[in-house]
Amino acid sequence: MKKSKNSKLGVSRRHLLLAGASTVACLSGMMPAGFSSVFAGEPETGLDSEALMALKDGLTLLNARPVNMETPAHLLDDAITPAHRLFVRNNGHLPDYDEHPEASWTLTIDGEVTTPLNLSIADLKRDFEVVRKQIWIECGGNGRKFYEPGASGNQWSLGAIGCPIWTGVRLKDVLERAGVKDNAVYTAHHSIDTHLSGDPDKAPISRGVPIAKALDENCLIVFEMNGAPLPVLNGFPLRLIVPGWPGSCSQKWLKRIQIRDRIHDGTKMTGAAYRMPAYPVSPGTEVPKEDMVIIHELPVKSLITSPVTGARAPVGEPIEVRGHAWSGEGDVVALEVSVDFGASWQKATLDAPANKYAWQQWRADLTFEKAGYYEVWARATDRTGKRQPSVVPGWNPKGYLNNMQHRVAVFAV
Ligand SMILES: Nc1nc2c(c(=O)[nH]1)N[C@H]1C(S)=C(S)[C@@H](COP(=O)(O)O)O[C@H]1N2
Ligand SMILES: [Mo]
């Protein structure tokens with residue numbers, strides 16, 4: 001097994017700093033307790049872990065190998081998620097940028113196409129229309145933590161979601177240039193992040209989507225987030241953004257899109273990964289493999305980003321409660337809040353999305369009439385009439401698609 005410089009957490013400080021040098025400077029000394037201990041005993045990473053944490057200020061580290069970090073809800077208050085507040089979900093180790101520098105990075109389009117393509121990032125920028133869209137990305141396992149019995153995998157609570165602005169080209173335009181053949185069924189996304197085992201023949205993840213979804217004009221091959229190069233942890237220098245579907249479809253460090261004549265069977269496409277039972281099951285059921293169905297769009301959901309849970313509010317004076325709402329394949333049409341455990345609901349003001357697949361901002365003024373303990377609950381309803389449940393929805397073996405209402409505690413004083 002070749003031991004590359006990247007075999008640990010590992011990239012050099014130089015690479016981690018590509019998109020965040022100033023953040024590192026101003027945040028040194030602000031490392032959350034517990035972070036450095038996770039990395040203790042890992043040579044080479046002392047410096048990197050510091051840089052890493054500074055790049056993702058205030059995020060909760062769920063796992064260091066591979067890196068998985070989520071954002072506390074109150075730190076997702078911005079309408080446009082800044083790079084340092086976007087969650088990280090890695091399945092393997094970061095790519096070796098010394099072997100694969102941005103300047104010679106190529107994207108290959110092959111498989112069931114008439115003209116296979118090999119494009120540099122400069123080719124992408126020159127030969128295709130460059131578009132900018134705000135699109136949310138959420139891990140299919142966001143909310144897994146709340147399932148009973150628990151499911152294995154990262155114990156995401158609420159914060160595996162964010163909505164930055166992406167700049168890139170339409171996947172559709174690139175696929176049309178390559179000429180998708182009539183027998184095309186699915187895309188297959190390939191990258192150069194490395195498997196935790198070190199086995200070069202294994203991919204940490206390689207997912208795909210049906211051709212019809214890939215040809216949606218909102219699927220993008222992106223090279224920028226919020227007007228800057230993609231952060232290393234979020235896929236520098238090139239990634240896919242497949243809106244509305246599990247984040248796992250949005251391959252980071254993208255090197256190759258293969259068009260297949262069958263449903264892709266890469267890592268995390270088979271078994272129970274990113275699949276739900278075909279029928280409702282009781283908690284803890286062992287569902288036969290053949291009854292597990294690939295997840296397409298994510299359900300309607302919302303977050304309360306202010307106040308932070310546990311906040312104090314003055315009795316009898318209105319306070320603003322606000323957050324975001326989103327839904328896999330449709331706009332959110334209503335957002336309501338409750339301060340009496342769902343007995344009554346009050347309509348919030350809901351903004352239109354900046355563009356299709358951007359999350360929507362909402363706000364409501366709430367007044368607490370008596371001193372004491374309250375919970376603020378928020379529920380979104382989408383265009384199809386689907387609404388967030390008050391309790392954890394359908395148990396499933398891998399703990400996906402939990403869109404339960406977000407609740408925050410408020411003490412009126
Ligand atoms: N190459 C590669 N792409 C990947 C992953 C990965 O581990 N490797 N993780 C996927 C998963 S499961 C999610 S939820 C999103 C997370 O994107 P982010 O880390 O930029 O937030 O990236 C996806 N793309
Ligand atoms: Mo994910």
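Right above here is the structure, for reference.
Residues numbered from 1 in each chain as written. Chains lettered and ligands numbered in written order. Predicted model: local features only at pLDDT ≥ 70, side-chain atom pairs only at ≥ 80, totals over all residues. Heavy atoms only, no water.

Asker: So what exactly am I meant to see when it comes to the overall build of the chain here?
Answerer: When its secondary structure is counted, the chain shows 7 helices and 25 strands. Per-residue burial for the chain yields a buried fraction of 56% across its 413 residues. Excluding contacts between residues fewer than 6 apart, the proportion of contacts in the chain whose partners are at least 24 apart in sequence is 72%. Only carbon and sulfur atoms are counted for the fraction: they give 53% of the accessible area of the chain, which is about 16,900 Å². (Helix = DSSP H or I, 4+ residues; strand = E, 2+ residues; numbered from the N terminus. Buried < 20%, exposed > 50% of the residue type's maximum accessible area, 1.4 Å probe, protein only. Contact = heavy atoms within 4.5 Å. Areas by Shrake-Rupley, 256 points an atom, 1.4 Å probe, with all protein chains shown as cover.)

Asker: Help me understand the pairing of strand β24 (residues 372-382), please; the structure alone is not making it clear to me.
Answerer: The side chains of a regular strand alternate between both faces of the sheet. Here β24 lies mainly inside the structure; 9 of its 11 residues are buried. As paired elements, strand β20 (residues 332-338) and β24 share 6 bridges and run antiparallel to each other. In the strand pairing of β24, Glu336 is matched with Arg379. When β24 meets strand β25 (residues 406-412), the two strands line up antiparallel, connected through 7 bridges. Along β25, the bridge assignment pairs Glu375 with Ala409. (Pairing = 2+ DSSP bridges.)

Asker: Hey, could you run me through the pattern of salt bridges in this one?
Answerer: Side-chain pairing between opposite charges can occur once the charged atoms of the two side chains come close. Enumeration according to the criterion identifies 16 salt bridges in this entry. The residue Lys301 makes a salt bridge to Glu138 at a minimum N-O spacing of 2.8 Å. Remark: Glu138 occurs in strand β7 (residues 137-138) and Lys301 occurs in strand β17 (residues 301-306); sequence separation between them is 163 residues. We classify Lys301 as buried; its relative accessible area is 7%. Across the pair Glu176 and Lys172 runs a salt bridge whose closest N-O atoms are separated by 3.5 Å. Note that Glu176 and Lys172 are positioned in helix α6 (residues 171-178) at a spacing of 4 residues, about one turn of the helix. Overall, the relative accessible area of 26% leaves Lys172 in the partly exposed class. When salt bridges that share partners are traced, they join Asp77, Glu320 and Arg322 into one network. (Salt bridge = Lys/Arg side-chain N within 4 Å of Asp/Glu carboxyl O.)

Asker: Where do I start with the site of ligand 1 in this structure?
Answerer: If you check the shell around ligand 1, you find 19 residues, and the closest are Phe87, Asn91, Asp193, Arg239 and Lys252. One of the side-chain N or O atoms of Asp193 is found 2.6 Å from a nitrogen atom in ligand 1. Protein chains shield 100% of the accessible area of ligand 1, which is 530 Å² for the free molecule. (Near = heavy atom within 4 Å. Polar contact = N/O pair within 3.5 Å; in protein donor to acceptor, adjacent residues only side chain to side chain.)

Asker: Help me out: how do you make sense of the sheet that holds strand β1 (residues 60-63) in this one?
Answerer: Paired through their backbone hydrogen bonds, the strands of a sheet run either parallel or antiparallel. Here we have 3 strands laid out as an open sheet, ordered β1-β2-β3, and antiparallel in their pairing. Every other strand in the sheet has two partners, leaving β1 and β3 (88-89) as the edge strands with one partner each. Bridge count for β1 against strand β2 (residues 68-70) is 3 bridges, and the pairing is antiparallel. The partner of Leu61 across the bridge, within β2, is Met69.

Asker: I keep staring at the environment of Cys249 and nothing clicks. Help me out?
Answerer: Tracing the backbone shows Cys249 in the loop between β13 (239-241) and β14 (254-260). Given a relative accessible area of 1%, Cys249 falls into the buried group.

Asker: Looking at this structure, how should I read the sheet that holds β17?
Answerer: An order of β17-β19-β23-β22 is seen for the 4 strands of this open sheet, with the pairing classed as antiparallel. Taken across any chain shown, the strands that pair with only one partner, and hence form the sheet edges, are β17 and β22 (349-350). Both strand β19 (residues 319-326) and strand β23 (residues 360-366) contribute to a ladder of 7 bridges, which runs antiparallel. Residue pairing across strands places His324 opposite Gln361, the latter belonging to β23.

Asker: Please clarify how α6 should be interpreted in this entry.
Answerer: The periodicity of an α-helix, 3.6 residues per turn, causes residues three or four positions apart to be oriented the same way. Where α6 is concerned, the buried positions are Leu171, Asp173, Val174, Leu175 and Ala178. Following α6 by one or two positions, Gly179 has its phi on the positive side, about 75°.

Asker: Even after reading the chapter, I still don't get unusual backbone geometry, so can you show me in this structure?
Answerer: A negative phi holds for most residues other than glycine; trans holds for most peptide bonds. Looking along the chain, the bond that leaves Phe236 and enters Pro237 is cis, with omega of 5°. You can see Pro237 is positioned in the loop between β12 (228-229) and β13. Here the bond from Ser306 into Pro307 is cis, since omega is 5°, no more than 30 degrees from zero. Relative to the elements of secondary structure, Pro307 occurs in the loop between β17 and β18 (311-313). Positive phi, close to 75°, is recorded for Lys268, a residue that is not glycine. Relative to the assigned elements, Lys268 resides in the loop between β14 and β15 (275-277). One non-glycine residue, Tyr274, lies in the positive phi region at around 50°.

Asker: Explain the packing of aromatic side chains here, please?
Answerer: Two descriptors summarise a pair of aromatic rings, namely the distance from one centre to the other and the angle between the planes of the rings. Following the criterion strictly, the structure yields 8 aromatic pairs and no others. With centroids separated by 6.0 Å and ring planes inclined at 80°, the aromatic side chains of Phe87 and Trp156 adopt a geometry described as edge-to-face. One end of the pair, Phe87, is in the loop between β2 and β3; the other, Trp156, is in the loop between β7 and β8 (161-162), with 69 residues separating them in the sequence. Classification of Phe87 as buried rests on a relative accessible area of 7%. Relative to Trp377, the ring of Phe341 lies with its centre 5.9 Å away and its plane at 85°, an arrangement referred to as edge-to-face. Here Phe341 is found in the loop between β20 and β21 (346-347), whereas its partner Trp377 is found in strand β24, with 36 residues between them in sequence. Linked through ring pairs, Trp136, Trp326 and Trp359 together constitute an aromatic cluster. (Phe/Tyr/Trp six-rings, centres within 6.5 Å; stacked < 30°, edge-to-face > 60°.)

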